[in-house]
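# Inside the fold
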Amino acid sequence: MGEIENRPHDPSQMRISDADRQRVADVLRDAAGEGRIDLDELEERLELTWQAKTYGELVPITLDLQAAGPVTPPATAPVRRTPPGLPAVGHNSSLAIMSETKRQGVWAVPEHHSAFAMMGSVVVDLRQAQLSGAETIINASAVMGEVKIIIPAHMHAVVDGTPIMGEYSQAKDKVPAELGADSPLVRVRGMALMGSVTVQRLPAPGTPRKYLGTY
């Protein structure tokens, strides 16, 4: 008994509920609807989902789906706010596995972007980003890691993710929202498995912290 009691706690070995299995099944069905897996693979993964007993067994079932980037939009798609002669570097995905990835400053964001952290950290900063359209979709997921999406005051966010023993939410704004009819929209969706995905509205880069507090 002494050896069992002294073993370090491993959250990945905790037992899951039917509600947890259902959340993963919903992610799989969404992936099939988007054409990322075929019906045979959907059936196979659903069977593994309902057979799973611990959170650790759920991880490989959706790991490649959360990390995979969507189809790149056509090169002819307009990119707003691009300085003449200085095209921004574009990124379809942000991936961190036991590491840290940051997308900051001026960079081009396609209409679909994928962010995934596994025992690591991803920061997607949209405050100076050049968006490809009025609406941007970010598939953001974390497995025992963290994804933080930073948006400016004028950007509207819709957060629709699934937390499984984790957090998937929009954090308290550090700057008042300044939304209008032409405000760009970012939709954030995905899953947080024993990790966190947060969206937060922050002031422009370079704003003195003494006026804002710690964020």
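Residues numbered from 1 in each chain as written. Predicted model: local features only at pLDDT ≥ 70, side-chain atom pairs only at ≥ 80, totals over all residues. Heavy atoms only, no water.

### Quick word on the side chain of Thr198
- Within the secondary structure layout, Thr198 lies in strand β12 (residues 196-201).
- Looking at Thr198, the relative accessible area reads 10%, which means it is buried.
- Dropping the residues within four chain positions of it, Thr198 is found in contact with Val147, Lys148, Ile149, Glu167 and Ser169. (Helix = DSSP H or I, 4+ residues; strand = E, 2+ residues; numbered from the N terminus. Buried < 20%, exposed > 50% of the residue type's maximum accessible area, 1.4 Å probe, protein only. Contact = heavy atoms within 4.5 Å.)

### Some remarks on helix α3 (residues 39-51)
- Between its first and last C-alpha, α3 extends 18 Å over 13 residues, near the 18 Å set by a 1.5 Å rise per residue.
- Of the positions making up α3, those classed as buried are Leu42, Arg45, Leu46 and Thr49. The buried side chains of α3 occupy one side of the element, clustering within an arc of 105° when seen end-on. In α3, the exposed positions that point more than 90 degrees away from the buried face belong to Asp40, Glu43 and Glu44.
- For α3, the N-terminal capping position is held by Asp38, with its side-chain oxygen 3.3 Å away from the main-chain nitrogen of Asp40. (Expected span 1.5 Å × (residues − 1). Arc of directions from axis to C-beta. Polar contact = N/O pair within 3.5 Å; in protein donor to acceptor, adjacent residues only side chain to side chain.)

### Quick notes on the packing of helix α2 (residues 18-33) against α3
- One can describe the packing of α2 onto α3 by two numbers: an axis separation of 9 Å at closest approach and a directional angle of 170°. Regarding the angle of α2 to α3, the classification is roughly antiparallel. Facing α2, whose interface residues are Asp18, Arg21, Gln22, Val24, Ala25, Leu28, Arg29 and Ala32, α3 presents Leu42, Arg45, Leu46, Thr49 and Trp50.
- Split by residue class, the contact of α2 with α3 holds seven nonpolar, two polar and four charged. (Axes fitted to C-alpha atoms, helices over the stretch in contact; angles between N-to-C directions. Parallel < 35°, antiparallel > 145°, perpendicular 65-115°, else oblique. Nonpolar A, V, L, I, M, F, W, Y, C, P; charged D, E, K, R; others polar.)

### Regarding a nonpolar patch on the surface
- Residues Leu95, Ile97, Met98 and Met119 make up a contiguous nonpolar surface patch of roughly 410 Å² in combined accessible area.
- Tracing the backbone shows Met98 in the loop between β1 (93-97) and β2 (100-103). (Patch = residues over 30% accessible without salt bridge, like charges linked within 9 Å, V, L, I, M, F, W, Y side chains within 5 Å. Areas by Shrake-Rupley, 256 points an atom, 1.4 Å probe, with all protein chains shown as cover. Salt bridge = Lys/Arg side-chain N within 4 Å of Asp/Glu carboxyl O.)

### A short note on α2
- Under the 1.5 Å per step criterion, the end-to-end length of α2 is 22 Å for 16 residues, consistent within 8% with the ideal 22 Å.
- For α2, every residue scored as buried is listed here: Asp20, Arg21, Val24, Ala25, Val27, Leu28, Ala31 and Ala32. Along the axis of α2, the buried residues cluster in a sector spanning 155°; they form a single face. In α2, the exposed positions angled more than 90 degrees off the buried face are occupied by Asp18 and Gly33.
- One or two residues past the end of α2 sits Gly35, with phi positive at roughly 80°.

### Topic: the sheet that holds β1
- Taken in spatial order, the five strands make up an open sheet running β1-β4-β7-β11-β9, and their pairing is parallel. Here the strands that pair on one side only, and so sit at the sheet edges, are β1 and β9 (156-164). Neighbour-to-neighbour, the strand axes of the sheet open up by a mean angle of 10°, direction not taken into account.
- Note that strand β4 (residues 112-118) and strand β7 (residues 135-143) share seven bridges and pair parallel. Looking at the pairing, His113 lines up with Ile138 of β7. (Pairing = 2+ DSSP bridges.)

### Some details on the sheet that holds β12
- Across the sheet, which stays open at both edges, the five strands sit in the order β2-β5-β8-β12-β10 with parallel pairing between neighbours. If you trace the sheet from one side to the other, it starts and ends with β2 and β10 (167-170), each paired once. Each neighbouring strand pair of the sheet contributes to a mean axis angle of 10°, computed without reference to strand direction.
- Of the strand pairs in this sheet, β2 and strand β5 (residues 121-125) are connected by four bridges, and their pairing is parallel.

### Let's talk about the confidence of the model for the protein
- Looking at the protein, pLDDT values average 80 and 79% of them are 70 or higher.
- For residues 67-86, every residue scores under 50 in pLDDT, and the model assigns this stretch 30 contacts once sequence neighbours within four places are set aside. (pLDDT = per-residue confidence, 0-100.)

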